[in-house]
Amino acid sequence: MTADTAARRRQQQIRQLCAASIRALAADQALDFRGDHLYRGRSVLPLNAPHLYPDHSSDGFGSFRGAADGMALRLLHSDPVLHARLRPAGQTARLVFELLEQFRTESLANQPGVVRNLRLRHEAWSTQFHRSGLTETSLGLLLYTTAQVCRSRVTGEPVVAETEDLIEQTRGRLSALLGPDLALLRRTRTRQADYAEPALAIAVVIESLADSAQADNDGGAERSARKTREQFSLLVDAEEDAWLPETAASGASPTLADDGGAYRAFTTAYDRIQRAASLVRPELLHDYRRRLDKRIADSGVNVALLARRLEPLLCVPVTSGWNSGQEEGMIDGARLSQLVCSPAERRLFQTERHEARPATVVSFLIDCSGSMKQHGEGIAAYVDVFLRALERIGVASEVLGFTTGAWNGGKAARDWKRARSPRRPGRLNEVNHLVFKDADTNWRKARPGIAALLKTTLYREGIDGEAVQWAARRLADRTEERRILIVLSDGSPADGATALANDEHYLQQHLASVVRELEDVGAVNVFGVGLGLDMSPYFSRSLILDTERLGQPEGVRELLGLLERSLPPLR
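Residues numbered from 1 in each chain as written. Predicted model: local features only at pLDDT ≥ 70, side-chain atom pairs only at ≥ 80, totals over all residues. Heavy atoms only, no water.

Chemist: Would you take a moment to explain the sheet that holds strand β13 (residues 525–531) for this structure?
Modeler: Through backbone hydrogen bonds, the strands of a sheet pair up, either in parallel or in antiparallel fashion. Judged by pairing direction, the sheet is mixed, and its 7 strands sit side by side in the order β5-β11-β10-β9-β12-β13-β15 without closing on themselves. Each of the sheet's edge strands pairs with one partner strand only, and the pair in question is β5 (272–275) and β15 (542–545). Adjacent strand axes in the sheet meet at a mean angle of 20° when their direction is disregarded. Bridge count between strand β9 (residues 360–367) and strand β10 (residues 396–404): 7 bridges; the pairing is parallel. If you follow V361 over to β10, its bridge partner there is A396. Running over the sheet, helix α20 (residues 553–566) touches β9, β12 (482–489), β13 and β15 and is turned about 165° from β15. (Pairing = 2+ DSSP bridges. Helix = DSSP H or I, 4+ residues; strand = E, 2+ residues; numbered from the N terminus. Axes fitted to C-alpha atoms, helices over the stretch in contact; angles between N-to-C directions. Contact = heavy atoms within 4.5 Å.)

Chemist: Can you walk me through the pattern of salt bridges in this structure?
Modeler: A pair can form between side chains of opposite charge whenever their charged atoms are brought close. Counted under the stated rule, the structure contains 35 salt bridges. Of the charged contacts, one joins R275 and D438 as a salt bridge, the two residues approaching to 2.4 Å between their closest N and O atoms. Of this pair, R275 sits in strand β5 while D438 is found in the loop between β11 (431–437) and α16 (443–450), placing the two residues 163 residues apart along the sequence. Of the residues examined, D438 reaches a relative accessible area of 11% and is grouped as buried. Note that R427 and E466 form a salt bridge whose closest N and O atoms lie 2.8 Å from each other. With a gap of 39 residues between them, R427 in the loop between α15 (410–418) and β11 and E466 in helix α17 (residues 464–476) connect regions that are remote in the sequence. Residues R427 and E466 agree in their burial class; the two are buried. (Salt bridge = Lys/Arg side-chain N within 4 Å of Asp/Glu carboxyl O. Buried < 20%, exposed > 50% of the residue type's maximum accessible area, 1.4 Å probe, protein only.)

Chemist: Looking at this structure, how should I read the packing of aromatic side chains?
Modeler: A complete count under the given rule lists 5 aromatic pairs for this structure. Centre to centre, the rings of F129 and Y144 are 5.1 Å apart; their planes meet at 90°, and the pair counts as edge-to-face. Taken as a pair, F129 in helix α5 (residues 112–131) and Y144 in helix α6 (residues 138–155) lie far apart in primary sequence, 15 residues in all. Owing to a relative accessible area of 0%, Y144 belongs among the buried residues under this scheme. Pairing Y263 with Y506 gives two aromatic rings, centres 5.3 Å apart and planes at 25°, and the pair type is stacked. (Phe/Tyr/Trp six-rings, centres within 6.5 Å; stacked < 30°, edge-to-face > 60°.)

Chemist: Explanation requested: the nonpolar core in the structure shown.
Modeler: Among soluble globular proteins, nonpolar side chains are generally buried collectively. In this structure, L310, F364 and L559 are the most contacted members of the largest nonpolar core, which totals 59 residues. Per element, the largest residue contribution to this core is 10 residues, and it comes from helix α14 (residues 376–392). Every residue in contact with F364, bar those within four places of it in the chain, is listed here: V383, F386, L387, L390, E398, V399, L400, I486, L488 and L559. Grouped together as the second largest cluster of nonpolar side chains are 35 residues, L100, I167, L178 and A199 included. (Core = buried A, V, L, I, M, F, W, Y, C linked by side-chain atoms within 4.5 Å.)

Chemist: Sorry, what's going on with the side chain of D495 here?
Modeler: Looking at the secondary structure, you find D495 in the loop between β12 and α18 (496–501). One buried charged residue, D495, forms no salt bridge at all, with the nearest opposite charge on R427 at 7.4 Å. Not counting residues within four places of it along the chain, the set of residues in contact with D495 comprises L428, N429, E461, G462, I463 and L507. (Lys, Arg positive; Asp, Glu negative; His and termini not counted.)

Chemist: How should I be thinking about helix α12 (residues 303–314) in this particular structure?
Modeler: Two residues of an α-helix separated by three or four positions point the same way, owing to the 3.6 residues in each turn. Helix length check: α12 (12 residues) gives 16 Å between terminal C-alpha atoms against 16 Å at 1.5 Å per residue, within 8%. Buried within α12 we find V303, L306, A307, R309, L310, L313 and L314. For α12, the N-terminal cap is N302; the gap from its side-chain oxygen to the backbone nitrogen of A304 is 3.2 Å. (Expected span 1.5 Å × (residues − 1). Polar contact = N/O pair within 3.5 Å; in protein donor to acceptor, adjacent residues only side chain to side chain.)

Chemist: Help me understand the environment of D546, please; the structure alone is not making it clear to me.
Modeler: Tracing the backbone through its elements, the reader meets D546 in the loop between β15 and α20. A distance of 3.0 Å separates the side chain of D546 from the backbone nitrogen of E548, its partner in a polar contact.

Chemist: Please clarify how the side chain of T135 should be interpreted in this entry.
Modeler: Residue placement: T135 occurs in the loop between α5 and α6. Take T135: its relative accessible area is 7%, and that puts it in the buried class. Discounting chain neighbours no more than four positions away, the residues touching T135 are F129, H130, G140, L141, Y144 and L166.

Chemist: Where do I start with helix α7 (residues 168–187) in this structure?
Modeler: The first and last C-alpha atoms of α7 sit only 24 Å apart over 20 residues, clearly below the 28 Å expected at 1.5 Å per residue. At L178, α7 shows its strongest bend, of approximately 85°, with the proline P180 following within four residues. What α7 keeps buried is the set T170, L174, L178, L182 and L185. (Bend = angle between axes of the 7 residues up to and from the residue.)

Chemist: Would you take a moment to explain the packing of α6 against α7 for this structure?
Modeler: Between two packed helices, the angle of one axis relative to the other and the distance separating the axes together describe the packing. Contact pair α6 / α7: the axes reach a minimum separation of 10 Å and the direction vectors enclose 35°. Relative to α7, the crossing made by α6 is right-handed. Between α6, through L141, L142, T145, T146, V149, C150, R153, V154 and T155, and α7, the contact on the second element is made entirely by T170, R171, L174, S175, L182, A183, L185 and R186. Classifying every residue of the contact of α6 with α7 gives 9 nonpolar, 5 polar and 3 charged. (Left-handed = near helix turned anticlockwise from the far one by under 90°. Nonpolar A, V, L, I, M, F, W, Y, C, P; charged D, E, K, R; others polar.)

Chemist: What is the right way to look at the environment of M535 in this model?
Modeler: In this structure, M535 sits in the loop between β14 (533–534) and β15. Look at M535 and you get buried, because its relative accessible area is 1%. Other than its neighbours up to four places away in sequence, M535 contacts A248, S489, V529, G530 and S542.

Chemist: Is there a simple way to explain the packing of helix α2 (residues 61–77) against helix α4 (residues 91–106) in this structure?
Modeler: α4 packs onto α2 with a crossing angle of 90° between their chain directions and a minimal axis gap of 8 Å. What the angle tells us is that α2 and α4 run roughly perpendicular. Counted together, G70, M71, L73, R74 and H77 of α2 and E98, E101, Q102, R104, T105 and E106 of α4 form the full contact between these two elements. (Parallel < 35°, antiparallel > 145°, perpendicular 65-115°, else oblique.)

Written out as structure tokens, the structure is:
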């Protein structure tokens, strides 16, 4: 096992343990981590206190456990609606208010182990803050001292010893300015609304002092602070959810509500299923394939290692015979005669021989809408790496795509207009489903077809729900024990003609309904991979993938990690 693989597994184990701890302490089974963010079901929880996010490269397990306990206490003891209503507008004031509310909830811990974990995390965060160089600026020292003094007042614990002398002067200044409000913090800590009054007063004063400190900072110190923030950051972006990835748009459709949830298409006469390779000139396809092979070779992805990691998830171990001549195992009756001739002989045993039998089919469904064309080469490289690994272990795979035959409705919209534009026509475009590789064709033969993903003129608009249904039906016709559908997209369903004739949420709600039904039935394991996008409004099991990691080892490991967390090994 490489050091990188070991580190990744350790991060995964830490997240799982911390998630289990948060669920137990907060008594909420719907809580889990996706990346470094905590979710309740499909909704991300914006816990903005900066010390809740340790660094995997430098912090130990105790620090992560303290952060997890802090998250659980925040969920237990803080009303998010009240907090959002009271939160001030200024960035610095909001940061201070977030910190004070987090300190309040942490002060309510009554288990000795939890208190110890919280203290350990606070000390680790404080040490990192100080050693990063941020306390060398007047602004950094002000914010650091505020955090130390306020936490000490709320919890009754001393400030961090390492920096006690450093903050003494600023501490005295703050005590003179904030004395009455600081005294109220501990007295009102069990009542969120009452506590918010001194917390807001403190936040406003600190913001005023911070504005002055920022104006007085010399250029060299400010440049130093900016440099250190690359390694350590105090400020979680205080704008509402600004630090979170963009979330896929979703909403309820009035049209579907009026129709009792019945989705329909105005016409299917122009819908097509096409081999993608047939839409690209052979010479151009050959050039695309050469570009794709070069990108994959430059990526450095270890396909053999990926195949070994996928094997226990996608294959079933079966007995294929016996290994005889072993020194342990079951006695081999055919070798007992050797014991008479050679009493010292020890190789009288046999063991079962196992091999992996493929028991899974994997389908990649790629959004070929207009915004995805910029990612065509990266997506092709990303998927191709997985196809090569799957080929090594004998697992069937296919690559599908979905787009439309035209922009703005095409022939379907024309027929609708000729019919005098009846109300609520349903889907109003020509669906075009693409097959880049089918499950019965091996990777070597399908190589040219996969490269058709680089053809930018294929990318138009996206009717996601019907595409997911189509891909799931193809999987349902297979005989494999496990069926996996991985949907890759960078946005919500979008078709201009359908949205104008129905409503903007028509296709979105249909996609959500289709995925929810598939997840409830469970015959197909559905995963969503969002390119820089949180797909959780549609998929309960989803991944936010940085577009810069397409085809790179980091991006491959992220999807592999999602599969490992979500799928138990086949038996």
